[in-house]
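Fold and contact review
Each chain, written out:
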Amino acid sequence: MKKTILIFAALIVAILSLFQLSKYSVLTGNTAIETVIAVIAIVFFIVGVIINKKVLHQQKDLNREIDHKKIADLGLSKREYQVLCEIASGLSNKEIADKLFVSESTIKTHVSNVLVKLDAKRRTQAIQIAKTLQIIPQ
């Protein structure tokens, strides 16, 4: 967090310095206003490209493999795992039931079993635990 604040503070100082330099250049008549605007635009472009590359690099690190051994160790059945993935997608019990072609009471049973096996009290907690265990996609 501190690193991010320092980076943005440095960017703000650099931008303010550029504006002061451009103001000085225009007042002294050494350069045309178009040149100053072009230099500032190039600097912003370069900073944007650098930040974009860092963000894309971080997103690649987030993609992890699903630990199928952990799923088996928890004792989740194939259907319970499907229900867990649908919960992570944000679907309600009724929507999951319609998607998997079973009754809503069956889904409630599967959800209860998933909560017990993951030692969770709520659906959101189950999703968080499953992500920590790397058994569902991030």
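Refer to the structure printed above.
This is a predicted model, so every value here is computed, not measured. (Residues numbered from 1 in each chain as written. Predicted model: local features only at pLDDT ≥ 70, side-chain atom pairs only at ≥ 80, totals over all residues. Heavy atoms only, no water.)

Some thoughts on the overall build of the protein chain
Assigned secondary structure in the protein chain consists of 7 helices and 0 strands. Mapped from its N terminus to its C terminus, the protein chain presents α and β elements in the order α-α-α-α-α-α-α. Scored against the burial criterion, the 138 residues of the protein chain give a buried share of 21%. For the protein chain, the proportion of contacts with a sequence separation of at least 24, taken over those separated by at least 6, is 53%. With the model as given, the accessible surface of the protein chain reaches about 10,200 Å², and the carbon-plus-sulfur share is 63%. (Helix = DSSP H or I, 4+ residues; strand = E, 2+ residues; numbered from the N terminus. Buried < 20%, exposed > 50% of the residue type's maximum accessible area, 1.4 Å probe, protein only. Contact = heavy atoms within 4.5 Å. Areas by Shrake-Rupley, 256 points an atom, 1.4 Å probe, with all protein chains shown as cover.)

Some thoughts on helix α5 (residues 93-100)
Of the residues making up α5, those classed as buried are Asn93, Ile96, Ala97 and Leu100. Each buried residue of α5 sits inside an arc of 100 degrees when the element is viewed along its axis, so together they form one side. Each element contacted by the buried residues of α5 is listed here: α4 (78-88), α6 (104-117) and α7 (123-132). A positive phi of about 60 degrees marks Phe101, the residue just after α5. (Arc of directions from axis to C-beta.)

In short, shape yes, function no, at least from these values alone.
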